[in-house]
Amino acid sequence: SGQISKYSQISFVIGAFHLNKPNESLKQKLSVNELYTKKIAHASATFGLNNKVYMFPALQYEFQGPSQEAVGGAAFGLNFTENKRKVETIIYVGCFARYNESVIPTIGMITKSLRAGVSYDITTSTLAVPTNGQGRFEIAIIYNNLVPSKKMRKTFCPKF
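As a starting point, this report considers the structure included with it.

Cut-off values and rules
Residue numbers here run from 1 along each chain, matching the order of that chain's written sequence. Where totals are concerned, whole chains, interfaces and linings use all residues; where local detail is concerned, this predicted model gives features only for residues with pLDDT of at least 70, and gives and counts side-chain atom pairs only at 80 or more. Side-chain numbers come from the whole structure's heavy atoms, not from hydrogens or water. Strands here mean DSSP runs of E at least two residues long; helices mean DSSP runs of H or I at least four residues long; both are numbered from the N terminus. Note on definitions: a residue-residue contact is assigned when non-hydrogen atoms from the two residues lie within 4.5 Å. For each residue, the accessible area found with a 1.4 Å probe, counting protein chains only, is set against the maximum for its type, and the residue is called buried under 20%, exposed over 50%, and partly exposed in between. A pair of strands counts as paired when DSSP detects no fewer than two bridges linking them. Nonpolar side chains (Val, Leu, Ile, Met, Phe, Trp, Tyr) are joined into patches within 5 Å and like charges within 9 Å, using only residues with over 30% relative accessible area and no salt bridge. For the area figures, the Shrake-Rupley method with a 1.4 Å probe applies, and any residue is considered shielded solely by the protein chains shown. A pairing counts as a salt bridge when a side-chain nitrogen of Lys or Arg comes within 4 Å of a carboxyl oxygen of Asp or Glu. Pairing of aromatic rings covers Phe, Tyr and the six-membered ring of Trp, with a centre-to-centre limit of 6.5 Å; geometry is then stacked below 30 degrees between planes, edge-to-face above 60, and tilted otherwise.

For Ser119, the position within the fold is in strand β8 (residues 114–123). When near neighbours in sequence (up to four residues on either side) are disregarded, Ser119 contacts Ile104, Pro105, Thr106, Arg136, Phe137 and Glu138.

Here it is in structure tokens:
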């Protein structure tokens, strides 16, 4: 991850899960049901324009055995802070899509120590038939700054 400008940053992540292919069976005598290794690539960014308007694009691709999923989209936010030099409250709205499966509108807010959002997964694939076209709500709450910055140990981090 890195800082592009005062109000813009970008992040790239890769990850892998179940590297040792754990056995899901409850009893050893049952047939072995090993998990496939799950691999994920994720990219996201924050682009701030004049500290008032923000864009939050994101893209994620993951695969596990024969299954795969791609999700991408963007949200746009507005900084409601009166002071032009600070970012205290951003309200955002956006839309993401799960390739060949669903559309995900989202709305939320970002403050200095809290992020909260609500999204609704609208199924657009053939899975809409067995679910009677019902989507699903998702609520996310993220609390930052559990340790006050004054108590955090400072560590040199080189910039490239």
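To continue, consider the pairing of strand β6 (residues 89–98). The side chains of a regular strand alternate, first on one face of the sheet and then on the other. Across the two faces of β6 the burial differs, with Ile90, Tyr92, Gly94, Phe96 and Arg98 buried and Thr89, Ile91, Val93, Cys95 and Ala97 not buried at all. As defined by bridge partners, strand β5 (residues 67–79) adjoins β6 across 9 bridges and the pair is classed as antiparallel. Within β6, the position partnered with Gly72 by the bridge is Ala97. Summarising the sheet, β6 and strand β7 (residues 102–111) pair through 10 bridges and their orientation is antiparallel. Pairing of Arg98 across the sheet is with Ser102, part of β7. Hairpin geometry of β6 and β7 is characterised by an intervening segment of 3 residues between the two adjacent antiparallel strands and by a positive phi of about 60 degrees at Asn100.

Turning to the environment of Val53, a few remarks are in order. Along the chain, the position of Val53 falls in strand β4 (residues 53–64). Of the residues examined, Val53 reaches a relative accessible area of 37% and is grouped as partly exposed. Along the sequence, Val53 and Ile90 sit 37 residues apart, while their C-alpha atoms lie 8.9 Å from each other. Other than its neighbours up to four places away in sequence, Val53 contacts Phe47, Gly48, Gly77 and Leu78.

This part is about a nonpolar patch on the surface. Together, Val93, Ile107, Val118, Phe137, Ile139 and Ile141 give the surface a local cluster of nonpolar side chains, amounting to about 650 Å² of exposed area. Per-element tally for the nonpolar patch: the top contributor is strand β9 (residues 136–143), with 3 residues. When you line up the elements, Val118 lands in strand β8.

Time to look at the pattern of salt bridges. This model, assessed by the stated rule, comprises 3 salt bridges. Measuring nitrogen to oxygen at the nearest pair gives 2.8 Å for the salt bridge that ties Arg98 to Glu69. Here Arg98, found in strand β6, pairs with Glu69, found in strand β5; they are 29 residues apart in sequence, far enough to count as distant. On the basis of relative accessible area, Arg98 is assigned to the buried category, the value being 17%.

Right, let's get into the packing of aromatic side chains. One pass over the full model with this rule turns up 4 aromatic pairs. A ring pair is formed by Tyr54 and Phe56, whose centres lie 6.2 Å apart and whose planes are at 5 degrees; its orientation type is stacked. Both residues of the pair, Tyr54 and Phe56, count as buried. Taking the centre distance of 6.3 Å and the plane angle of 70 degrees together, the rings of Phe56 and Tyr92 count as edge-to-face. Remark: Tyr92 occurs in strand β6 and Phe56 occurs in strand β4; sequence separation between them is 36 residues. Grouping residues by exposure puts Phe56 and Tyr92 together as buried. Clustering of aromatic rings is evident, with ring pairs tying together Tyr54, Phe56 and Tyr92.

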